[in-house]
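Structural characterization, general
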Amino acid sequence: MASDARPIEFLVIFGATGDLAARMLLPSLYFLDADGLLPAGLKVIGVARTVMDAAAFRAKLKAELERRGEGFNQTIWERFAARLDYCPADAGKPEGLRPLAGLLAGAPTIYYLALSPSLYGATCTALAAAGLAGDDCRIVIEKPIGHDLESSRAINAEVAGAFEERRVFRVDHYLGKETVQNLIALRFANILFEPLWNNLAIDHVQITIAETDGVGERWGYYDEYGALRDMVQNHMLQLLCLVAMEPPADAGADSVRNEKVKVLKSLRRCNSGTSQLMSVRGQYRGGVVDGKSVPAYTEEKGGPSDVETFVALRADIDNWRWAGVPFFMRTGKRLPERRTQIVIQFKPLPHSIFGARAQEDLIANRLVIDLQPKEDISLLLMNRRPGIDGVRLQALPLSLSLDDGGRRRIAYERLLLDVLADNPALFVRRDEVELAWSWVDCVADSWADLAIAPKPYAAGNWGPAGAFALIERSERTWLDE
Ligand code: BG6
């Protein structure tokens, strides 16, 4: 931040009565305030079309914080509540923003658009027309930015018409997660891994984001996007980039983002000829998850749909480091367990000096990065089993468990602090978003060309059979331990 920049005075949340604001943004701000991390004079203004006063807005948030039961404290709440205000407004129209303009009085402001992406462009245009997009204001938008490359470009262009790139913060909340940060530390704060972090020592990489929840109330949104656009275009490709990128020159925003862009450019694009070997779509039917029977996706809102709730993909990165190392990704709803995990599978030993029995015990080294529900990084190493009756080996995980027993921070806490500090390192640059779309579009277009409908899977299973065939074709398997 330039030293003569005026400090931010307001954080305005558009869509303040919605789910994201209620469950993530406002609680994050409360927890930051509880830890004394919010600037003293910062005011938070909720904006939505619903007409209510500030007292009702505060009461709603208080009820949510009490419901969460994570250390609600009346004294902290009173201090935080004094920062909160509410302004009913129609964000898409400059005249609708007049009351807000009165409150802000030209002060430096961050606008957080917790809105449908279809409203980003109109809101930015209205902010500029209402004189609210001054040089010391910033804008925060969330994925999915668009539905494909073309619509994403159109939204980015409209946003850029009001806020230049340095003032645009595109959130991918996975980048705010503790273990994602730790992956960067693991790679670049240790000498051990870098010499092995390539196709000489790594066999393949697996990235899994498995959820047990169904789509439920989010059906309207989800049915327009599906798992490919909802999860792969953003969270999964971001994780892939952080695993695959070259060491950046420093941890600065542009250095890191330049390296991620190079990975996205190196991703092999699929076409209708290769698509079926590289991708699998699935959609859950009824089944049992966590011991409870759950309905099919199409029964949740009662309509037919050809949207995928599961996707498995093989990605190949055509560069020197990764040639010949496939990255297998899968994500889905109503899978048997909640698990977000990256597995770096090293190659087997070139030659074993151990006898036949020990040979059976040998497992190739593996680095497992668990993002949730547990947060852990563990390295599977071979070890000698104690005993005197011949050599037997066993695999032992060397764990760097990150659980210190404290409250687990919401990923948005870190991201909100970074927007306040004007630090864009954990936000996604326009070219990253667009390159990710161009890769995803190739997959989506090939599905459309070949009329590939999602294959059914029973809720509580790891997707359709094709997901297993996808990886088994290369004589590997999903690591489901
Ligand atoms: C969101 C997706 O971006 O991420 C949801 O829209 C998904 O469909 C969610 O459930 C998963 O986030 P997390 O942090 O719970 O893994």
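Look a little higher up for the structure.
Residues numbered from 1 in each chain as written. Predicted model: local features only at pLDDT ≥ 70, side-chain atom pairs only at ≥ 80, totals over all residues. Heavy atoms only, no water.

What about the pattern of salt bridges?
Rule in force here: A carboxyl oxygen of Asp or Glu within 4 Å of a side-chain nitrogen of Lys or Arg is what we treat as a salt bridge. The way it works is that DSSP assigns letters per residue, a run of H or I at least four long becomes a helix, a run of E at least two long becomes a strand, and they are numbered from the N terminus.
Scanning the entire structure with this criterion turns up 40 salt bridges. In this structure, the salt-bridge partner of Arg23 is Asp19, at a minimum N-O distance of 3.1 Å. Taken together, the residues span about one helical turn, with Arg23 and Asp19 both in helix H1 (residues 19–34) at a distance of 4 residues. One connected set of salt bridges, linked through shared partners, spans Asp35, Arg407, Arg409 and Glu413.

Topic: a nonpolar patch on the surface
To keep it simple, the criterion reads: Patch membership is restricted to residues that have no salt bridge and whose relative accessible area is over 30%. Joining uses 9 Å for like charges and 5 Å for the nonpolar side chains Val, Leu, Ile, Met, Phe, Trp and Tyr. Calculation of accessible area relied on Shrake-Rupley with a 1.4 Å probe; when residues are assessed, cover is drawn exclusively from the protein chains displayed. Partly exposed describes any residue whose relative accessible area lies between the buried limit of under 20% and the exposed limit of over 50%, with all areas from a 1.4 Å probe on protein chains only and scaled to the type maximum.
Residues Ile353, Phe354 and Val391 make up a contiguous nonpolar surface patch of roughly 280 Å² in combined accessible area. Tracing the sequence through the fold places Ile353 in the loop between strand S13 (339–346) and helix H12 (356–361). Under the relative-accessibility criterion, Ile353 is labelled exposed at 70%.

Some points on unusual backbone geometry
With an omega of -5 degrees, the peptide bond between Lys143 and Pro144 qualifies as cis. Between Gln372 and Pro373 the backbone carries a cis peptide bond, its omega angle lying at 0 degrees. One can find Pro373 in the loop between strand S14 (366–372) and strand S15 (376–384). Its identity is not glycine, yet Asp422 carries a phi of approximately 60 degrees, on the positive side. Mapped onto the fold, Asp422 is located in the loop between helix H13 (411–420) and helix H14 (430–449). For Asp422, a relative accessible area of 22% corresponds to the partly exposed category. Even without a glycine there, the phi angle at Glu475 is positive, about 60 degrees. With respect to the helices and strands, the residue Glu475 is situated in the segment after helix H15 (465–472). Take Glu475: its relative accessible area is 77%, and that puts it in the exposed class.

A look at the site of the ligand
How we decide: We call a residue near a molecule or strand as soon as one heavy atom of that residue lies within 4 Å of the molecule or strand. In protein, a polar contact requires one atom able to donate a hydrogen and another able to accept it; more generally it is a pair of N or O atoms within 3.5 Å, and residues adjacent in sequence count only if both atoms are side-chain atoms. Polar here means any residue other than Ala, Val, Leu, Ile, Met, Phe, Trp, Tyr, Cys and Pro, which are nonpolar, and Asp, Glu, Lys and Arg, which are charged; Gly is therefore polar.
Around the ligand, the structure places Lys143, His173, Tyr174, Lys177, Glu211, Arg218, Asp230, Met231, His235, Lys333, Arg338 and Gln372. One of the side-chain nitrogen or oxygen atoms of Lys143 is found 2.7 Å away from an oxygen atom of the ligand. For the ligand, whose unbound accessible area comes to 400 Å², protein coverage reaches 82%. Sorting elements by how many residues they give to the shell around the ligand places helix H8 (residues 219–244) first, with 3 residues. A breakdown of the residues in the shell around the ligand according to their chemical character gives 2 nonpolar, 3 polar and 7 charged.

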